[in-house]
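A structural walkthrough
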Amino acid sequence: MKKIDLFSKDEKISASEEKEVKSRRDFFKKAAQLSVGTVTAATILGPVEIKADDPAILEEQPWATTLGDPVTKNRYGLPSLYEHNNIRRNMKLLQSGNWQASIAMCPIHESMGIITPNGLFFSRAHGGVAQIDPNKHRLMIHGLVEKPIVLTMDELKRYPSVTRTHFIECPANGGPEWRGPQFNSAQFAKGMMSCAEWTGVYLKTILKDIGLKPNAKWMLAEGGDSSHMGRTIPIDKVLDDAMIVWGQNGEALRPEQGYPIRLLLPGWEGNLCVKWLARLEFSDKPWYAKEETAKYTALKPSGKAIQHFYALEVNSIITSPCPEKPWTDIKKGQLVEIEGLAWSGMGTIKGVDITFDGGKNWVKAELKGLVLPKAWTRFSYIYKYEGKPLLLGSRAYDDAGHIQPTVKQEREAMGVESVYHRNAIHTWEVTAKGEVNNVQVLS
Ligand SMILES: Nc1nc2c(c(=O)[nH]1)N[C@H]1C(S)=C(S)[C@@H](COP(=O)(O)O)O[C@H]1N2
Ligand SMILES: [Mo]
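Residues numbered from 1 in each chain as written. Chains lettered and ligands numbered in written order. Predicted model: local features only at pLDDT ≥ 70, side-chain atom pairs only at ≥ 80, totals over all residues. Heavy atoms only, no water.

Notes on the pattern of salt bridges
Counted under the stated rule, the structure contains 16 salt bridges. Of the charged contacts in the structure, one is a salt bridge between K325 and E110, with a shortest N-O distance of 3.4 Å. One end of the pair, K325, is in the loop between strand 18 (315-320) and strand 19 (335-343); the other, E110, is in the loop between strand 4 (103-105) and strand 5 (123-124), and 215 residues separate them in sequence. Between K368 and E339 there is a salt bridge whose closest N-O contact spans 3.6 Å. Separated by 29 residues along the polypeptide, K368 in strand 22 (residues 366-368) and E339 in strand 19 bring together distant segments of the chain. A relative accessible area of 27% places K368 in the partly exposed class. Counted as one network, the salt bridges with shared partners bring together E337, E339, K368 and R378. (Salt bridge = Lys/Arg side-chain N within 4 Å of Asp/Glu carboxyl O. Helix = DSSP H or I, 4+ residues; strand = E, 2+ residues; numbered from the N terminus. Buried < 20%, exposed > 50% of the residue type's maximum accessible area, 1.4 Å probe, protein only.)

Here's the deal with the site of ligand 1
Around ligand 1 sit 21 residues, and of these F122, H126, D225, R262 and K275 come closest. Separating a nitrogen atom of ligand 1 from a side-chain N or O atom of D225 is a distance of 2.8 Å. Between ligand 1 and Q257, the relevant distance is 3.0 Å, taken from an oxygen atom to a side-chain nitrogen or oxygen of the residue. (Near = heavy atom within 4 Å. Polar contact = N/O pair within 3.5 Å; in protein donor to acceptor, adjacent residues only side chain to side chain.)

A closer look at the side chain of T427
Locating T427 in the fold gives a position in strand 25 (residues 426-430). The contact partners of T427, leaving out residues within four places of it in the chain, are L391, L392, G393, N437, N438, V439 and V441. (Contact = heavy atoms within 4.5 Å.)

Remarks on the side chain of T348
By the secondary structure assignment, T348 is in the loop between strand 19 and strand 20 (349-355). With residues near it in sequence (within four places) discarded, T348 still touches V371, L372, P373, Y397, D398 and D399.

Quick word on the packing of aromatic side chains
The final tally for this structure, using the stated rule, is seven aromatic pairs. With centroids separated by 5.8 Å and ring planes inclined at 55°, the aromatic side chains of F356 and Y381 adopt a geometry described as tilted. With a gap of 25 residues between them, F356 in the loop between strand 20 and strand 21 (363-364) and Y381 in strand 23 (residues 377-384) connect regions that are remote in the sequence. By relative accessible area, Y381 is classed as partly exposed at 22%. A network of ring pairs unites the aromatic residues W327, F356, Y381, Y383 and Y385 as a single cluster. Taking the ring centre of Y202 as reference, the NZ or CZ of K204 above it sits at 4.7 Å. For R422, the ring lying beneath its charged end belongs to W178, and the centroid distance is 5.9 Å. (Phe/Tyr/Trp six-rings, centres within 6.5 Å; stacked < 30°, edge-to-face > 60°. Lys NZ or Arg CZ within 6 Å of the ring centre and 35° of its normal.)

So, the nonpolar core
In this structure, I108, M192, W327, I338, W376, Y383 and L392 are the most contacted members of the largest nonpolar core, which totals 49 residues. Here the element with the most residues in this core is strand 19; it accounts for five residues. The two domains that each donate at least three residues to this core are domain 2 (92-301) and domain 3 (315-439). When sequence neighbours within four positions are dropped, the list of residues in contact with L392 reads I318, P321, W327, I338, I354, T355, F356, H426, T427, W428 and V430. If you look at the next biggest cluster of nonpolar residues, it comprises 47 residues, including W198, I206, L265 and F282. (Core = buried A, V, L, I, M, F, W, Y, C linked by side-chain atoms within 4.5 Å. Domains from an automatic or database assignment.)

Focus: helix 6 (residues 203-210)
It helps to recall that an α-helix has 3.6 residues per turn; residues three or four apart then point in one direction. L203, I206, L207 and I210 are the residues of helix 6 that are buried. The buried residues of helix 6 occupy one face: seen down the axis, they fall within an arc of 100°. Positive backbone phi, approximately 80°, marks G211, located one or two places after helix 6. (Arc of directions from axis to C-beta.)

Topic: the sheet that holds strand 22
An order of 18-19-23-22 is seen for the four strands of this open sheet, with the pairing classed as antiparallel. On the outer flanks of this sheet lie strand 18 and strand 22, each paired with one strand and no other. Averaged over all neighbouring strand pairs, the angle between strand axes comes to 35°, with direction disregarded. The pairing of strand 18 with strand 19 spans five bridges and is classified as antiparallel. Paired with I318 across the strands is G340, a residue of strand 19. (Pairing = 2+ DSSP bridges. Axes fitted to C-alpha atoms, helices over the stretch in contact; angles between N-to-C directions.)

Examining the pairing of strand 15 (residues 277-283)
Judged by how many residues are buried, strand 15 sits mostly within the fold: six of seven residues are covered. Two elements, strand 6 (residues 138-143) and strand 15, share four bridges in a ladder whose sense is parallel. The partner of G143 across the bridge, within strand 15, is F282. One ladder, built from six bridges, connects strand 10 (residues 218-223) with strand 15; its direction is antiparallel.

Section: the pairing of strand 23
Across eight bridges, the pairing between strand 19 and strand 23 is antiparallel. Across the sheet, residue E339 finds its bridge partner in strand 23, namely S380.

Focus: the sheet that holds strand 5
On the basis of which strands lie adjacent, the open sheet formed by three strands has the order 3-4-5 and antiparallel pairing. Of all the strands in the sheet, just strand 3 (89-90) and strand 5 have a single pairing partner and so form its edges. Here strand 3 pairs with strand 4 via two bridges, running antiparallel. Residue N90 lies in a different strand from strand 4, and its bridge partner there is A104.

Shown next as structure tokens:
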């Protein structure tokens, strides 16, 4: 048998490859000399300036003249070093006094499409990130079921799996801004959310197997981390689309997302999606004081509070431009793409409108790519930039018939004392210079 030489080909660039590199450079040299100046092509939005003396064209770059790293240098791949700004950032405001109980905000202004890469996924942990050994982790399911069980992770994965794309959003997303803007940043204003493709099993599949008793009305979910995060879930949601997931964007859940397993309640408050899931107990009554660590409620202006609200309302934000992505380099008369994210925990996004004057007039944006229920939906609008000051906002509506309220409408209904479920229209002020600021339109 012929021995396969694994390494000889990598050792130097072959003669034909060398010729190709050289001719590419020559082509650029000629092209640059021919078409110096500004070119406007048909599809690209801004004019393209070609400079004959551009060193990026004329000079040979080090990466073109030496061998690169072997691919196996990082067996688990990492982003380019030049992408070092695309990172999660810590929210100090909600840090409950220590570093472990932290919130890492997702860089939504850098997001592309509707999937958040696992390393950038928003994360909230009340007791730090538990590093669980899956071999020592069990899921106990008991209470009002015919056959209580304790499953190893391997046993759990014997259930037929499903894969679904859903966002997870903390109901406190945007919560610091009830009384007015707090952050000149898209990441801090709305980054308590992310969207991923989750793989796991529907809870109804397991319950069919072990038998749910008819009087079971509530499910307590508890995590194996130090915070336990006890939460009670109404049985209707459990039997609808609640999942136990172990996969996140084609790989195992990240520890920050609850490795090895978490509860996923599509469209419902993130805090209910208990991570590091260890126990599910079914009961005929809800738990409030004992096992359940906390319950999010909403104080209304009347002094009464909404006790049960779970699904997240229809919402949206423009992510480009935003304070991190201003239009300071855009010239008057140039076309620019406005992009953003819309989502609803109650259904599928049906459409998004965009305003340039703080809500007096609206135009329809285009929905881009996949439009899925209870998932981020990307919207886009091509706009001719005129260098005029703008009050730029987006207003999403879903197929359940909900539409985002104005700040005024939201305040009339909810006052400003609540923390959770803010979904009023988000406005960016674009100045005559193209700078972008976080503002609220109160009229
Ligand atoms: N066990 C456990 N589950 C938890 C938490 C926690 O601290 N411990 N935080 C909750 C909160 S408040 C939110 S918003 C979501 C955040 O999910 P993520 O970190 O995957 O974004 O997880 C929830 N599940
Ligand atoms: Mo949260």
